[in-house]
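# Chain and residue survey
Listed here are the chains, written in short residue letters.
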Amino acid sequence: MPVSIDIDQQEASPFQQEPRLIGFYHWNRSVRTMHQHENCIELNFMLSGNGTHIVGNEICHTQPGDIIVYDSKIMHDESLMLDSLTDACCIAVTGLQRPDARPNALLPPGTHPCIPCQSIAEELRTLYHIIEYSLAKPHGYPAANAAAQTIVHLVWQQISKRAVKAAEPENLLVEHARSYIEEHYAEDLSIRDIAQHFHASRDYISHAFKHTTNYAPLQYLRRWRIGKAQTLLIDTDLPLTEIALRVGFDDSNYFSRVFRQIIGMPPGTFRRAWRAAQQGRPADSRAK
């Protein structure tokens, strides 16, 4: 006999404003190093492989079935220690508003960004597939957007049930130093400059920065610059020499070498690969 399921049509949404889908991509086709987004949330569903990712102050060791949440204005690095089998799908949404939260922030304060979702992995896999399939079809955006909203609601339920508390910031000086690097990345910065600005010794600030962020200060600076370069490669048609100068590299050949060391391909190849992956998608599906 048919099974009847009671539906509570009066149940309120946990969100004051529902999110809207603005992006979709596969990690196995392209990854990005250190960057952040001003006005969107990314939900990354780990399909296969294992990895280590940095999100804000947190080091995330991921496995298949995990969702990594990148809230707006939170630094994240996708290119750290991914094995060759790692594959993930990412959606980007904007417009989300939770009660008593800043716009485009899904995670409550103090929540670890890696959410175990193995119990609903098959449902999530189906929904991500629906989004990719729908975006490839004419007039498919409404179906893709509905699937993305369902993903956000399912992940919110998992956050409410089994999210882990994030670590507290260990060193305010390091937080200030990181903000300083992110603001002055295009300048000729050295460890000495950073230490002098904060009236600290070079040895102390190097040790504390590495301990807190998992990066040495100049390593952090290089990865932040390459992340900014990736954004310019995606969003503009600027020549590589101009992009190198804008992100703090005087020598475009050195810029290309550093880019390849971190991303695994030259900047021109990255631009072509990214744009080839976006061909045929609606404009709303290209934000990243």
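Use the structure listed above.
A short tour of the structure in this document, coming up. (Residues numbered from 1 in each chain as written. Predicted model: local features only at pLDDT ≥ 70, side-chain atom pairs only at ≥ 80, totals over all residues. Heavy atoms only, no water.)

We now examine the pairing of strand β2 (residues 41–48). Among the eight residues in β2, seven count as buried, and that is most of the element. Pairing between β2 and strand β7 (residues 87–94): seven bridges, direction antiparallel. What sits directly across from asparagine 44, in β7, is cysteine 90. Where β2 meets strand β5 (residues 66–70), four bridges bridge the pair, whose relative direction is antiparallel. Paired with leucine 43 across the strands is valine 69, a residue of β5. (Buried < 20%, exposed > 50% of the residue type's maximum accessible area, 1.4 Å probe, protein only. Helix = DSSP H or I, 4+ residues; strand = E, 2+ residues; numbered from the N terminus. Pairing = 2+ DSSP bridges.)

The subject of this paragraph is helix α1 (residues 121–135). With 15 residues, α1 should reach 21 Å at 1.5 Å per residue; the first-to-last C-alpha distance of 21 Å fits that figure. Buried-residue contacts for α1 involve β1 (20–26), β2, β5, β7 and α2 (141–162). (Expected span 1.5 Å × (residues − 1). Contact = heavy atoms within 4.5 Å.)

Taken in spatial order, the five strands make up an open sheet running β1-β7-β2-β5-β8, and their pairing is antiparallel. Sheet topology places β1 and β8 (114–116) at the edges, where each strand pairs with a single neighbour. The average angle at which neighbouring strand axes cross in this sheet is 20 degrees, direction not considered. Against the sheet, α2 touches β1, β2, β5, β7 and β8, its axis set at about 85 degrees to β1. (Axes fitted to C-alpha atoms, helices over the stretch in contact; angles between N-to-C directions.)

Remark: α1 packs on α2, axes separated minimally by 8 Å, with the N-to-C direction vectors making an angle of 155 degrees. It follows from the interaxial angle that α1 and α2 lie roughly antiparallel. Between α1 and α2 lies a crossing whose hand is left-handed. Contact residues: Leu124, Leu127, Tyr128, Ile130, Ile131, Ser134 and Leu135 in α1; Tyr141, Ala143, Ala144, Ala147, Ala148, Thr150, Ile151 and Leu154 in α2. Grouping the constituent residues of the contact of α1 with α2 by class yields 13 nonpolar, two polar and no charged. (Parallel < 35°, antiparallel > 145°, perpendicular 65-115°, else oblique. Left-handed = near helix turned anticlockwise from the far one by under 90°. Nonpolar A, V, L, I, M, F, W, Y, C, P; charged D, E, K, R; others polar.)

Taken together, the side chains of Glu183, Glu187, Asp188, Asp250 and Asp251 present a region of like negative charge at the surface. Tracing the backbone through its elements, the reader meets aspartate 250 in the loop between α7 (240–246) and α8 (252–263). (Patch = residues over 30% accessible without salt bridge, like charges linked within 9 Å, V, L, I, M, F, W, Y side chains within 5 Å. Areas by Shrake-Rupley, 256 points an atom, 1.4 Å probe, with all protein chains shown as cover. Salt bridge = Lys/Arg side-chain N within 4 Å of Asp/Glu carboxyl O. Lys, Arg positive; Asp, Glu negative; His and termini not counted. Charge placed at Lys NZ, Arg CZ, Asp CG, Glu CD.)

Spatially, the three strands line up as an open sheet ordered β4-β3-β6, and their pairing is antiparallel. The sheet is open, and its two borders are formed by β4 (58–62) and β6 (76–77), each paired with just one other strand. Across two bridges, strand β3 (residues 51–55) lies against β6 in antiparallel orientation. Counterpart to isoleucine 54 in the pairing with β6 is aspartate 77.

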